[in-house]
Structures are given as structure tokens and as C-alpha cells.
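# An overview of the molecular structure
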Amino acid sequence: MQKIVDFIKQTFNTQEFIPLHEPRFIGNEKKYLNDCIDSTFVSSVGKYVATFEKEFARTVGSKYAIATVNGTAALHISLLLADVKKDDEVITQPLTFIATCNAISYIGAKPIFVDVDLDTMGLSPESLKNFLEQNCEIKENQCINQTTGKVVKACVPMHTFGHPCRILEIKDICDIWHIALVEDAAESLGSYYKDKHTGTFGKVGAFSFNGNKIITSGGGGVIVTDDEALAKRAKHITTTAKIPHPYEYVHDEIGYNYRLPNLNAALLVAQLEQLDKFLASKRDLATKYKEFFSSNNINFITEPKDSKSNYWLQAVLLDDLKQRNDFLEFTNKNGVMSRPIWKLMNELEMFKDCQCTDLKNSKYFEERVVNIPSSVIL
Ligand SMILES: *Cc1c(COP(=O)(O)O)cnc(C)c1O
């Protein structure tokens, strides 16, 4: 164990405490922020929001991007765009950050949990297919869960730690079953599946720019889509559903105040300029970790087949719960931050009565996966 701590300290070139993930502001961040402050347009109107949306859409190869205050808000709106309504059901993975399930719950919909794949840690197409075949039928172009009588409206796979899941197979299954595909790509900016950017496979995709994500605006998020009508609707309901007018205040439905402030967008435009550099650094770190851990008989998690991962959060897969706990305790005690993967969503009080498939792979990861320092090294 001491060897691991020494290696990480040497890699990050410091004897001080090493956090899990620190943001890096080494580009035009201060310049754009100052410019934004000087312009006085620090709130929900201003040129940086539009610039960011244009640049982001170009980066991921989608037609439209709509910036939001955070990733949870982006997911919430994405689900609304997918027509998810109160009492509908949404299939997702139990191995995810709470935001995925919170967004589903804000609408009054309920998650259904299917298992993840062992090689991707993302939603398993086999598990999804089995669930649908065993529980659902198509009636009048809707997927009905016969166990509950409810409509299964959407499926939200998540690209865990930036490693792409089998998104094309998932998309095919969703198409057959009349289920909207909404990608939680919060962790996967810069990750590709078969050369197509994650988040762009479904009807809509959501990204996050929280403080620990690969690029950050302090807090922020974005929705991407190729559908012009959905993009317009996203912009409308994230900006209080106000009908555009130079001075009249008229709103045509209950909207949300989810627009990303220009101040945050200024930071984000500068961060996005650095993305390629950040990605190269993370890939380089992954190579170093892989070499070190494999020579020490520890399983370091690498990108799955057919994909290019952003290696947002680096992770090791330990042998069992005891080794996991020992690893967490030793590293955190010795100045190297590490963190276990999330407690499974179906084990949380709020979601413990949700319908589940067999979740043995999710459980396997819950007991073994630990994230290790992953910041961009300067
Ligand atoms: C970060 C994250 C989000 C969004 O989080 P915000 O903090 O609201 O930006 C959503 N889903 C997953 C899986 C995430 O990791």
C-alpha cells in the first residue's frame, strides 16, 4: 500500500495532500471573466452563453446545445423533452450519481433499475432487453410495464467515469420498444463510442460542468439535440417560458429558471478551449496508472472496446470489500484522496421500492471500485 501512495505522490510531483479531482484554470479564464464583468452582462443574457453553446455543439457534433445552471437541470429538462410525465417509468442503472434519479423524480416519474455490463460499468443492453421481454408489451406505440400498468417512457444510460457504455445496442432496443433514449453524459465530455461523441446518440443528451467534472464553470450543464423543435423548447422552458419581446413580460406556461449565467459561461468558454490538453493529460495519467497497477497485480479500469474514454475519474477494481476498505483507509490516511463508487441507487431509502432486475454486476462494482486522484497534471 505504501508503494501506491508513493507512486501517486511521485506522479503528481508533490508531498502535499492530493485531492481526487481539482479544476485547472490555465487559459483565458481570467481574461473572459474580467471582460464579462466589464460588460455588466453577468446574468442570463450575454455573448458568452451563445458562444459557449455554439462551441459546445461543434465539439460534440450535435446541431444544438442549450446551456443550463447545472447537469441535474439539464437532465430534468432532457426528460421533459422526451415527454416523460408524472407516473411514467424511466429505466436507468443503479450504479450512477444521485442526479440521474433525482431528475426522474422531479417529474414524478419512477426509476426502474437494470444491471450494468462488467466491461463498461454502464447500462447493459442484455439486462435492458431481458427486463423488457419479461415485463413489458407494446400497446398503441407505447411500452407498457405489465407489472405496474405504467408507461415506460425513457431509458437513461450513463457513461460511468467517462467510459462509454454499449450505446448503439441500447439505442436499437429503445427504438424497437418505443422508448426515448436520453443519455446522461455528465461524466463523458471527450468520450466517443465508435468515433461518435457520447451524448449524441439519443433524442437528447445532458452534460455537467460541476466543479469536479473534466471542464467546469463552477456549476453548469448543457442539453444537446439534433432536433430543432426540441432545442427551441429547451431554450423556452429553461428561460421561464417567456415569450421573446423587448419589454413585455408574458409567459405561456410554467417554466424554469435554469439558464446558465453569462459569468459561468465566460469561465466555460475558456475551459472548453483547454479540453484537448486536459484529455491528453488524463490519457497519459491512465497509461502510467495502468503500467504501475498491472505490475502490482491490481486491476486498473481501462476504456472498453470500440470506444475512446476521457478517463475523467481514474479507478481501480479491487478484489473484495475488505481490500477496498483497506485501500480507502490507507490512502486517505496518507494524504492521497480516494473514494468508493456510489452506493447503489436501489439501496437508498427513496428508491428502495423501485423495480429492479438482477443487479449482480452493479453490486460487484459497488464492493470493489475505488476512484483515485485524477486531476490534470500541469
Ligand atoms: C455530475 C453528474 C450529474 C450532474 O450533476 P450536477 O452537479 O447537477 O451538474 C448527473 N449525472 C451524473 C452521472 C453525474 O456524474
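Just so it is clear, the structure is predicted and the values come from calculations on it, not from any experiment. (Residues numbered from 1 in each chain as written. Predicted model: local features only at pLDDT ≥ 70, side-chain atom pairs only at ≥ 80, totals over all residues. Heavy atoms only, no water.)

Every one of the 16 residues lining the ligand counts as a neighbour, but Gly71, Thr72, Glu187, Ser208 and Lys213 are closest to it. Residue aspartate 184 places a side-chain N or O atom 2.8 Å away from a nitrogen atom belonging to the ligand. In this structure, serine 208 approaches the ligand through a side-chain N or O atom, which is 2.6 Å from an oxygen atom. Those elements that place two or more of their residues in the shell around the ligand are helix H4 (71-81) and helix H5 (98-106). The dominant element in the shell around the ligand, judged by the number of residues it contributes, is H4, at 3 residues. Taken together, the residues that form the shell around the ligand break down as 5 nonpolar, 8 polar and 3 charged. (Near = heavy atom within 4 Å. Polar contact = N/O pair within 3.5 Å; in protein donor to acceptor, adjacent residues only side chain to side chain. Helix = DSSP H or I, 4+ residues; strand = E, 2+ residues; numbered from the N terminus. Nonpolar A, V, L, I, M, F, W, Y, C, P; charged D, E, K, R; others polar.)

Any two packed helices are characterised by the angle at which their axes cross and by the distance between the axes. At a minimum axis separation of 8 Å, helix H2 (residues 29-39) and helix H9 (residues 262-273) run at an interaxial angle of 155 degrees. Regarding the angle of H2 to H9, the classification is roughly antiparallel. When the axes of H2 and H9 are compared, the crossing they make is right-handed. Of H9, the residues touching H2 (which contributes Glu29, Tyr32, Leu33, Cys36 and Ile37) are Asn262, Leu263, Ala266, Leu267, Val269, Ala270, Gln271 and Glu273. Here the residues of the contact of H2 with H9 are counted per class, giving 9 nonpolar, 2 polar and 2 charged. (Axes fitted to C-alpha atoms, helices over the stretch in contact; angles between N-to-C directions. Parallel < 35°, antiparallel > 145°, perpendicular 65-115°, else oblique. Left-handed = near helix turned anticlockwise from the far one by under 90°. Contact = heavy atoms within 4.5 Å.)

Moving on, we get to the sheet that holds strand S14 (residues 314-317). In spatial order, the strands read S12-S14-S16-S15; together these 4 strands make up an open sheet with antiparallel pairing. At either end of the open sheet lies a strand with only one pairing partner, and these are strand S12 (299-300) and strand S15 (339-340). Here 2 bridges tie S12 to S14, and the two strands are oriented antiparallel to one another. What sits directly across from asparagine 299, in S14, is leucine 317. Sheet strands in contact with helix H10 (residues 275-294) are S12, S14 and strand S16 (369-372), and its direction is about 20 degrees off that of S14. (Pairing = 2+ DSSP bridges.)

By the definition in use, this model includes 16 aromatic pairs. Judged by centre distance (5.6 Å) and plane angle (35 degrees), the ring pair of tyrosine 32 and tyrosine 48 falls under tilted. In this pair, tyrosine 32 is assigned in helix H2 and tyrosine 48 in helix H3 (residues 47-60), connecting sequence segments 16 residues apart. Given a relative accessible area of 7%, tyrosine 48 falls into the buried group. For the pair phenylalanine 56 and phenylalanine 209, a centre-to-centre distance of 5.6 Å together with 80 degrees between the ring planes defines the contact as edge-to-face. Taken together, the positions of phenylalanine 56 in helix H3 and phenylalanine 209 in the loop between strand S10 (204-208) and strand S11 (221-225) put the pair 153 residues apart, joining distant regions of the chain. Like phenylalanine 209, phenylalanine 56 is buried. (Phe/Tyr/Trp six-rings, centres within 6.5 Å; stacked < 30°, edge-to-face > 60°. Buried < 20%, exposed > 50% of the residue type's maximum accessible area, 1.4 Å probe, protein only.)

With that out of the way, let us pick up empty space enclosed by the protein. In the structure shown here, the tally under the stated rule is 1 cavity of 30 Å³ or more. Within this model, the largest cavity holds a volume of roughly 40 Å³. Forming the walls of the largest cavity are His21, Glu22, Pro23, Arg24, Lys213, Ile214, Thr216, Gln271, Phe278 and Val376. Tallied by class, residues from the lining of the largest cavity come to 4 nonpolar, 3 polar and 3 charged. Of the domains in this structure, domain 1 (2-22 + 275-372) and domain 2 (29-273) are the two that each give at least three residues to the lining of the largest cavity. (1 Å grid on protein atoms, 1.4 Å probe; cavity = no way out; pocket = protein on both sides within 12 Å on 5 of 7 lines; lining within 4 Å. Points joined across faces, edges and corners; volume = space filled by probe spheres on them. Domains from an automatic or database assignment.)

Function cannot be read off these values alone, since they describe shape.
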